Structures are given as structure tokens and as C-alpha cells.
Amino acid sequence: MQRILGIDIGATGIKGAMVDLQKGELCTERIKYSTPKPATAEAFVPVIKQLITDFNWEGQPIGFGFPAIIKNGTAHSAANIDKSFLGFNLKEYYDAQLGCETFFINDADAAGIAEMEFGKGKDIKDGVVILLTLGTGIGSAVFNDRVLLPNTEFGHLKWKDSIAEKYAANSVRENNDMKWKEWGPRLNEIVKHIEFIFSPDLIILGGGVSKKFDKYKEYLNPSCEITAATLRNNAGIIGAAMGYELLSRKIDLSDAVV
Ligand code: BGC
């Protein structure tokens, strides 16, 4: 069995688990720590080291999902993390700090590749699939004929004098004690706007609140199919681990989901 440590770094929690890459499943429990505040590169080191100890994974490769635009291991946005991450080479820094090889992919892209390989997308042969992760922010992953268009940022679409994620992320619901009947229609507005622009065949909702899909699905009425992620909130960890494996086989991320 090929196993890898996958770590999903989020604005509120840092979650890790060992992932069975053949089955696309967690093969250990999932361990979660709070994201340090301020959420800087340095502050993440002890938390990640703790996860390495928890899973007895010293010196071995790790795949990370990270809440930013990622190109060649460098972060190019920092919406819900410390601004010092802008232009910061994550791979170089964490390889050195952790003494192992690391791989970084945007957190929503990670969830997307996992869901396409092992979840709702696994039987889809062609067409446009959009996965939205609903958490502190809104992340997005877009697939055309199973090929990922990396680093889309639909949570940052301009919306009512602000941006989509400040209007309809799950954190907005939680922070404002919104009822499902208040938040659901908001999410629907964003979903329908995205549908109008991209004409997807399927929209998958991920993030922690995907397990409560039954509470708000009645408010969502795009004309395409809309469904909750099968892998629920574990998609980010599974995709983070898959990202590492794809890199080590020198396979393009886009080829990987063909
Ligand atoms: C970030 C994205 C990330 C999403 C979900 C957004 O604020 O800009 O890169 O995927 O949050 O964490």
C-alpha cells in the first residue's frame, strides 16, 4: 500500500492524516490543530512538526493543500492567512525547516483532484465540473474533460461591493448566526452567477458544511446538477497527498486527472 502524509492547511484548522493513495482514503485517524494566529510560515512549523511526530513520519515526503494561489511552490495570494506569504516560496522554506521533501497545491484544487479521482467525479468522462469549497473562504477547482484549470479563485469574484466569499462562505453563516434559510439563498446567488459564466455540467460542494448539504440543498437551484462532495472535508487531505505523488512520478497535474 502506498501511503503519504497529507496536510490540509486552512485559515482556522491544520488537518493531517495518512492517505492510502490507491484507495483515495484516509488510513489513519485525522488530527486537527488550530491554525496559529498570526498565520505565518514560521508559526506553522511547530504545528506541522507535531503532525509529523503524531504520524511517525520524520524525513518522509509530505503533500500540502494551502489556501492560496500556488505556482511552483510559491504562494501568490494571502486572503485569509498572513500577508507575509505573498511571493513566499513555501517549498524551499518547508523543505529546509522540516528536513523532508514537500509539495504544495492550492487547497481547493487538492479537494478537486481527490473528488475527481475518488469521489463524485470519478465516473465523469467529459464536460465541465466545478468544485467549490465552503469554509473560512470559498475555494474553487475547475475541470474541463477531467483536466484541472489550476488556481481559479471564484471566492474572489466581485459581489455586491465586496467579494463572493465575504457574502456566502460558511464562516459568514457561522459568524452571523445565519439560519439555513438565510444563508442558502445567498449561496444560491453565487452558485447561479458562477453557473451563468461557466456553464458547468456539475457543481460539487465541499468543505466542512458539505456534510450538512441536506439542510440547505432546497435553496440551491442552478439548472445543472449540484451535489455534496463524497469525500466531504477529507478531500483536501487526500488531494494534498495525491499532489505529492503526482509530482514524484513527474506527472503533470493536468494529466493526472485524465
Ligand atoms: C483563497 C483560495 C482558497 C480559498 C479556500 C480563498 O480565500 O484565496 O486560494 O482556495 O480561500 O481556502
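Calculation criteria
Residues numbered from 1 in each chain as written. Predicted model: local features only at pLDDT ≥ 70, side-chain atom pairs only at ≥ 80, totals over all residues. Heavy atoms only, no water. Pairing = 2+ DSSP bridges. Helix = DSSP H or I, 4+ residues; strand = E, 2+ residues; numbered from the N terminus. Axes fitted to C-alpha atoms, helices over the stretch in contact; angles between N-to-C directions. Near = heavy atom within 4 Å. Polar contact = N/O pair within 3.5 Å; in protein donor to acceptor, adjacent residues only side chain to side chain. Areas by Shrake-Rupley, 256 points an atom, 1.4 Å probe, with all protein chains shown as cover. 1 Å grid on protein atoms, 1.4 Å probe; cavity = no way out; pocket = protein on both sides within 12 Å on 5 of 7 lines; lining within 4 Å. Sits in = over half its atoms within 2 Å of the grid points. Domains from an automatic or database assignment. Disulfide = S-S within 2.5 Å. Buried < 20%, exposed > 50% of the residue type's maximum accessible area, 1.4 Å probe, protein only. Expected span 1.5 Å × (residues − 1).

## Overview of the sheet that holds strand β10 (residues 138–144)
- The sheet built from 5 strands is open, its strands ordered β11-β10-β9-β14-β15 with mixed pairing. Two strands close off the open sheet at either side, each with one partner strand: β11 (147–149) and β15 (225–228). Each strand axis lies, on average, 25 degrees off the axis of its neighbour in the sheet, ignoring direction.
- Note: strand β14 (residues 202–206) against β15, 4 bridges, orientation parallel. Its bridge partner lying in β15, I204 is registered against T227.

## Let's talk about the site of the ligand
- Taken together, P67, A68, A79, N80, N106, D107, I138, G139, E153, H156 and E165 make up the full set of residues near the ligand.
- Between an oxygen atom of the ligand and a side-chain N or O atom of N80, the distance comes to 3.1 Å.
- Taking D107, its side chain carries an N or O atom lying 2.5 Å from an oxygen atom of the ligand.
- The fraction of the free accessible surface of the ligand (310 Å²) that becomes covered by protein chains is 93%.
- When atom positions are compared with the pocket grids, the ligand is found to occupy the largest pocket.
- Two domains each put at least three residues into the shell around the ligand: domain 1 (3–109 + 234–255) and domain 2 (124–230).

## Quick word on the state of the cysteines
- All chains considered together, the criterion is met by 0 disulfides.
- With no disulfide of its own, C27 lies 17 Å from the sulfur of C100, the closest cysteine sulfur.
- With relative accessibility at 29%, the residue C27 sits in the partly exposed group.
- Owing to a relative accessible area of 8%, C100 belongs among the buried residues under this scheme.

## Topic: helix α6 (residues 180–198)
- Here α6 is 19 residues long and its end C-alpha atoms lie 26 Å apart, about the 27 Å a rise of 1.5 Å per residue gives.
- Within the span of α6, buried status applies to W180, W183, G184, L187, N188, I190, V191, I194 and E195.
- In the stretch just after α6, S199 is the one whose phi turns positive, near 45 degrees.

Without other data, these values stay purely geometric and don't point to any function.
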